[in-house]
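As a plain string of letters, each chain reads:
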Amino acid sequence: MTFEYAPAPESRAIVSIKPKYGHFINGSFVAGKKHFPTINPATEEILSHISLGGLSDVDKAVAAAQKAYTKTWSKLSGKERGKYLYRIARILQERAREFAVLETLDNGKPIRETRDIDIPLVAAHFFYHAGWADKLDYAGLGHSPQPYGVAGQIIPWNFPLLMLAWKVAPALATGNTVVLKPAETTSLTALLFAEVCQQAELPDGVVNIVTGDGSTGAAIVNHPGIHKIAFTGSTDVGKKIARAIASTDKKATLELGGKGANVVFDDAPIDEAVEGIVNGIFFNQGHVCCAGSRLILQESIADEVIEKLKVRMSKIRVGDPLDKNTDLGAINSKEQLVKIKELSAIGDAEGAERWSPQCNLSDKGFWFAPTIFTGVTQAHRIAQEEIFGPVLSILTFRTPQEAMDKANNTPFGLSAGIWSEKGSRIFWASQHLKAGVIWANTFNKFDPASPFGGYKESGWGREGGKHGLAAYLKTGKETGAK
Ligand code: NDP
């Protein structure tokens, strides 16, 4: 007997969305000149209109951030800065449901994830960094480390508020001020965060938010008043940013793409591994830079794992992101859906075998069923390129060394997973995998204390933990010390 789930929609009454938003500069909302719509990707309903920031908006925001840096923020002790961060963290917790519903509406991700993962992690990042603010001199970051000044921060649409927290919390804790640009399709929670800054009475100009598109991001990158860039997004844009700042003294951290390998050895606990595979690729619709988008299975257990995976995938509930029972929500944008469809069609054309469970997908909005491809070889584009959707490419191996060679054979090096019951095998594999983050017998676990970042085309530098703080601080000779 199977049970049907009754609809359990979360009310959206808690959010109040304005018809139009301006930029948040110097502590106030400032009207923009041009606007573009932001939509709910599950229904295509227009939620609001967002300002398209130009050079003059970025200029004003940088000027406000510079003034706040010299007049206020750099004069405060770490202890005082920490108090603001604690205050922001507590307000975020108090308003967690409002943020979760708004993020789900604007992004398309299930309420279960925004409520239980995104927003709690956002608050955790502010709490964690609040604790660091008054301890920087004793943290092994060098004698009296100093902030850079104004940080330009550009974030993507897959974890809108969480990426804001990854960027803003360490910048403020270390004494920098901020000009941040959220992604075009997901600006609403950043603009609600601006209200939190007002509520926390954060000094004017410490956080500035300029909304817009790629040209707005480029204006931030190229602005001479910006001393440090923090970017998360595609490898292509990351390369453009690296080229743009090559002849300047701007510092940068770049968190870019990935094609994470989830390696399952024949001694792995199979049922747990299947859960980890599902979490690795179908969490957040697969819009995750560190997704386990390549499953690398030992040949002797491949049939069993794939069979169990198909049974498990048949139970994934795809649909209304505001329904508390939904596992897989909407694809964030039409453009991203087109990209996922194109790369999947390339998988078909190259001879891999596609399988998806039966799903009733709505005609309105942007949807893609959870999908696996078997018979994938290393030469296939779906084994090399980031699809950034709920699509898993499955390869097999016979020897542990072959598994490592296949896992490392992409231009990326962000994440990997190892499934085995032998500790010695896990240690051996973790020493051979070229990835910034390696999970053992789990996947997609995040903590503010844990540094995150990649090798090769997955980016430069680390965010989170002590390593993440270091990226916002001048140390040694950089401070002017002899
Ligand atoms: P982008 O890298 O284009 O966007 C990330 C952020 O950078 C957005 O805020 C974007 O603005 C901004 N941006 C775009 N162009 C520039 C520029 N020249 N200078 C400075 N900032 C810029 O990602 P997309 O949203 O276009 O997604 C494209 C692909 O990138 C996806 O299909 C996916 O494969 C990958 N991706 C990877 C992510 C990751 O975390 N690794 C996150 C997001 C995407 P705007 O949104 O207005 O374009």
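Cut-off values and rules
For every chain, the first residue of the written sequence is number 1, and numbering continues from 1 along that sequence. Totals for whole chains, interfaces and linings use every residue, but because this is a predicted model, local features are given only for residues with pLDDT of at least 70 and side-chain atom pairs only at 80 or more, for both listing and counting. Side-chain numbers come from the whole structure's heavy atoms, not from hydrogens or water. Starting at the N terminus, helices and strands are each numbered in turn, a helix being any DSSP run of H or I of at least four residues and a strand any DSSP run of E of at least two. Restricting the calculation to C-alpha atoms gives the radius of gyration, and the globule rule supplies 2.2 Å times the number of residues raised to the power 0.38. Here the term buried applies to any residue with accessible area under 20% of the maximum for its type, exposed to any over 50%, and partly exposed to those in between, with areas from a 1.4 Å probe on protein chains only. We call two residues in contact when some of their heavy atoms are within 4.5 Å. Whether two strands pair depends on DSSP finding at least two bridges between them. Convention adopted: a line fitted to C-alpha atoms gives each axis, helices being fitted over their contacting stretch, and angles between N-to-C directions are expressed from 0 to 180 degrees. Residue types Ala, Val, Leu, Ile, Met, Phe, Trp, Tyr and Cys, when buried and joined through side-chain atoms within 4.5 Å, form a set referred to as a nonpolar core.

Asker: Can you explain the overall build of the chain? Please cite residues and give values.
Answerer: From N to C terminus, the chain includes 14 helices and 19 strands. For the chain, whose C-alpha radius of gyration is 22 Å, the value lies close to the compact-globule estimate of 23 Å for 482 residues. In terms of overall dimensions, the chain has C-alpha extents of about 65 × 55 × 35 Å along its principal axes. Counting the 482 residues in the chain, one finds 58% classified as buried. For the chain, the share of sequence-separated contacts (at least 6 apart) that also reach a separation of at least 24 residues comes to 75%.

Asker: Can you tell me about the sheet that holds strand 13 (residues 353–355), naming the residues and giving the values?
Answerer: Reading across from one edge, 13-14-15-12-11-16-17 is the order of the seven strands in this open sheet, with mixed pairing throughout. Edge strands, defined here as strands with exactly one partner in the open sheet, are strand 13 and strand 17 (437–440). For this sheet, the mean angle separating the axes of adjacent strands, direction not counted, is 20°. Here strand 12 (residues 294–298) pairs with strand 15 (residues 391–397) via five bridges, running parallel. What sits directly across from Leu 295, in strand 15, is Ile 394. Contacting strand 11 (261–264), strand 12, strand 13, strand 14 (371–374) and strand 15, helix 10 (residues 299–313) crosses the sheet at an angle of about 135° to strand 12.

Asker: Which residues make up the nonpolar core, and what values do they have?
Answerer: Judged by nonpolar contacts, the single largest core of 100 residues is most densely connected at Phe 126, Phe 193 and Leu 309. The greatest single-element share of this core, amounting to eleven residues, is contributed by helix 5 (residues 160–173). If near-sequence neighbours (up to four positions away) are discounted, Leu 309 is found in contact with Val 274, Ile 277, Val 278, Leu 295, Ile 372, Leu 392 and Ile 394. Listed in part, the 21 residues of the second largest apolar core include Ala 61, Ile 226, Phe 231 and Leu 254.

Asker: Tell me what's going on with the side chain of Ser 344, and back it up with residues and numbers.
Answerer: Tracing the chain through its elements places Ser 344 in helix 11 (residues 334–349). You can call Ser 344 buried: its relative accessible area is 0%. In contact with Ser 344, other than residues within four places in its own chain, are Arg 354, Phe 368, Phe 373 and Val 391.

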